[in-house]
Amino acid sequence: MDHFELRDGILHAEDVPLPAIAEAVGTPVYVYSRATLVRHARVFRDGLAGVANPHIAFAVKANPNLAVLKVLAKEGFGADVVSGGELTRALAAGIRPQDVVFSGVGKTHPELVQGIEAGIGQFNLESEEEGYELAAIARRHGVTVPCALRVNPDVDARTHEKISTGKRENKFGVPLDRAAAIYAALAAEPGLEMRGVAVHIGSQLADLEPLETAFGKLGALIEELRTGGQTVTHADLGGGLGVPYRKHETFPSPAEYGAMVARVTAGWDVQLSFEPGRVIAGNAGVLLTRVVRSKRSGNGPPFVIVDAAMNDLARPAMYGAWHDFDAVAPTGERMTAHIVGPICETGDTFAMDREIDAIGAGDLAVFRTAGAYGATMASSYNSRGFVAEVLVDGGKFAVVADRISPHAIMDAERVPEWL
Ligand SMILES: *Cc1c(COP(=O)(O)O)cnc(C)c1O
């Protein structure tokens, strides 16, 4: 459930009519609903009622906006970060260092140092090599850092191949059959406190079965480690729960997910942590856009050209993803159209042959479910500048990320004097 609804025929974000935001901030602009973020955070936590003392770390890469992170920090969420930049953001938003988990296959030396100096709660190691490097830095700093070993369970998450992370051929984690040996080797390293295991098999998962299979394998590994004399007090179950991108689609609820987790992990005797991203932020945001004009070429449906493009919302171009497209002031009439952006690539297409609200030049519309993996993937391709972001809270709203103009971007460029 979200808080983007028609009132008196006008689409609102909570109590704010979207045309008011378009007027004040311009378009395209991402609009997030605080009430929706909070609701999703609480539904997720409530879903884990059967799990003792869960640690929930929002996957910052889904939406790293400082205001969004602050909303979630106030809900008691920690952060799952995958870069030094995300770590900086999480701390700036008020998330406590001990509530930060650092994931990612390519943490650089400076990023490992940054994590140690910040005193983060856990490094999720993705290779034996990374473990030795981290151990050496930790010893130099005279500290012992808490770590989990991320394993690759070789499970097909049955999602888009580009966001599948738990198959043998993917770059993430260490192979399950080598995990116990690597864990033992790293546990012997001064500077590391090997305390647990982690798994994350992919994103936008539509059913719970692959997760259950992966968690089952993790449970077996915990047993194997303990049998081998290792200490395991923590298990990180990652993120991945999918969200509906189309009206009437249904996905496993956080309650169903939580019930499965409670059943599979009963008897593990560890502290569980979770790294939800999309399920928290996805339906808490829309991308508000204005139709530039419509044109026809040939006999097919018209091209509705909007002022948002693939540089603002990459998912359709990148993954062929679907985003519902709704008029802000629908008349009730419908039409079939292709929805495209202004960028000079055919890939800049949001939808082909889509039945949509009848809409024309100057009208406002939204791409829904744009709160996760939306603004964060924006670029300035075609020198379009970076899209703005707004957070709504009841009847008020604030710009939480300025639009960065093509001029400002150009100001960071230099032409050498020898040219
Ligand atoms: C991307 C990612 C997540 C979040 O995935 P969602 O599908 O957005 O929940 C969690 N953990 C790790 C390690 C990730 O890379």
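Keep in mind it's a predicted model, so treat the numbers as computed, not measured.

Q: Explain the domain arrangement of the protein chain to me, please; I cannot follow it from the model alone.
A: Buried accessible area, meaning the area lost when the parts come together, often serves as the stated size of an interface. By the assigned domains, the protein chain splits into domain 1 (4–31 + 282–411) and domain 2 (34–279). Computed from C-alpha atoms alone, the centre-to-centre distance between domain 1 and domain 2 is 32 Å. Taken together, the contact pairs 23 residues of domain 1 with 22 residues of domain 2. A per-residue breakdown of the area domain 1 buries against domain 2 is headed by Tyr-319, Trp-322 and Tyr-373, which together make up 28% of the total. With a shortest N-O distance of 3.0 Å, Asp-393 and Arg-34 are connected by a salt bridge. The tally of links from domain 1 across to domain 2 stands at 15 residue pairs in polar contact (both at pLDDT 80 or more). Contributions of two or more residues to the side of domain 1 that touches domain 2 are made by helix H11 (315–319), strand S20 (388–393) and strand S21 (396–401). Here the side of domain 1 that touches domain 2 gets four residues from one element, more than from any other, and that element is S20. When grouped by side-chain class, the residues that make up the side of domain 1 that touches domain 2 number 10 nonpolar, six polar and seven charged.

Q: Would you explain the nonpolar core in this entry?
A: The tendency in soluble globular proteins is for nonpolar side chains to be buried as a group. Ranked by internal contacts, the top residues of the largest apolar core, which has 104 residues, are Phe-123, Phe-215, Leu-237, Tyr-257 and Trp-268. Ranked by residues supplied to this core, first place goes to helix H8 (residues 209–227) with seven residues. No fewer than three residues from each of domain 1 (4–31 + 282–411) and domain 2 (34–279) sit in this core. If we ignore the near neighbours within four places in the chain, the residues touching Trp-268 are Phe-215, Leu-218, Gly-219, Ile-222, Arg-226, Ala-235 and Leu-237. One finds Phe-4, Ala-13, Val-31 and Leu-288 within the second-largest nonpolar core, a separate group that totals 18 residues.

Q: Which parts of the structure should I look at to understand the packing of aromatic side chains?
A: Aromatic rings considered in pairs are described by the distance between their centres and by the relative angle of their planes. Here the structure, examined in full by the defined rule, presents seven aromatic pairs. Between Phe-44 and Phe-274 the ring centres are 6.3 Å apart and the planes differ by 75°, which places this aromatic pair in the edge-to-face class. One end of the pair, Phe-44, is in helix H2 (residues 34–47); the other, Phe-274, is in strand S13 (residues 271–274), and 230 residues separate them in sequence. We classify Phe-274 as buried; its relative accessible area is 0%.

Q: Mind showing me how you'd approach the site of the ligand here?
A: If you check the shell around the ligand, you find 15 residues, and the closest are Lys-61, Ser-203, Glu-275, Arg-278 and Tyr-373. Measuring from a nitrogen atom of the ligand, one finds a side-chain N or O atom of Asp-80 at 3.3 Å. Here an oxygen atom of the ligand sits 2.3 Å away from a polar atom, N or O, in the side chain of Ser-203. In this structure, the ligand is accommodated by the second largest pocket. Grouping the amino acids of the shell around the ligand by side-chain chemistry returns three nonpolar, seven polar and five charged.

Q: I would appreciate a short explanation of the UniProt feature "domain: Orn/DAP/Arg decarboxylase 2 C-terminal" (unreviewed entry) in the protein chain in the present structure.
A: The UniProt record marks residues 30–371 with the feature "domain: Orn/DAP/Arg decarboxylase 2 C-terminal" (unreviewed entry), using the residue numbering of this structure. Structurally, residues 30–371 is divided into 32% helix and 24% strand, and its ends, taken at the C-alpha atoms, are 8 Å apart.

Q: Teacher, can you tell me more about the UniProt feature "domain: Orn/DAP/Arg decarboxylase 2 N-terminal" (unreviewed entry) in the protein chain here?
A: In the UniProt entry, the feature "domain: Orn/DAP/Arg decarboxylase 2 N-terminal" (unreviewed entry) is given for residues 36–281. Counted over residues 36–281, helix gives 41% and strand 16%. Its end C-alpha atoms are 8 Å apart.

Reading the values: rules and limits
- Along each chain, the written sequence defines residue order, and numbers are assigned to residues from 1.
- Local features in this predicted model are restricted to residues whose pLDDT is 70 or higher, and side-chain atom pairs enter the listing and the counts only when it is 80 or higher, whereas totals over whole chains, interfaces and linings include all residues.
- Working from all heavy atoms in the structure, the side-chain values ignore hydrogens and water.
- Annotation comment: domain bounds sourced from an automatic or database domain assignment.
- Working rule for contacts: check all heavy atoms of both residues, and any pair within 4.5 Å makes them a contact.
- Two parts lose some accessible area (1.4 Å probe) when they are put together, and adding that loss for both gives the buried area.
- The working definition used for a salt bridge is a side-chain nitrogen of Lys or Arg within 4 Å of a carboxyl oxygen of Asp or Glu.
- Polar contact is the term for a pair of N or O atoms within 3.5 Å; when the atoms are in protein, one must be able to donate a hydrogen and the other to accept it, and sequence-neighboring residues count only if both atoms are side-chain atoms.
- Secondary structure counts use DSSP, requiring at least four H or I residues in a row for a helix and at least two E residues in a row for a strand, with both numbered from the N terminus.
- Gly counts as polar in this scheme, as do all residues outside two lists: the nonpolar Ala, Val, Leu, Ile, Met, Phe, Trp, Tyr, Cys and Pro, and the charged Asp, Glu, Lys and Arg.
- Definition used in this section: a nonpolar core is a set of buried Ala, Val, Leu, Ile, Met, Phe, Trp, Tyr and Cys residues joined via side-chain atoms within 4.5 Å.
- Buried means the residue's accessible area, taken with a 1.4 Å probe over protein chains only, is under 20% of the maximum for its type, while exposed means over 50%, and partly exposed covers the values in between.
- Pairing of aromatic rings covers Phe, Tyr and Trp, the last counted by its six-membered ring, and requires centre-to-centre distances within 6.5 Å; plane angles under 30 degrees mean stacked, over 60 mean edge-to-face, and any other angle means tilted.
- Nearness is defined per residue: one heavy atom within 4 Å of the molecule or strand is enough.
- A pocket, in this scheme, is an open set of points on a 1 Å grid over the protein atoms alone with protein on both sides within 12 Å along at least 5 of 7 lines, while a cavity is a set where a 1.4 Å probe fits but cannot get out; residues line either one if an atom lies within 4 Å of a point.
- Just a note on the criterion: a molecule sits in a pocket or cavity if more than half of its atoms are within 2 Å of the grid points.
- UniProt positions are given in the numbering used here, feature names are shortened, and annotations may be inferred rather than shown by experiment.

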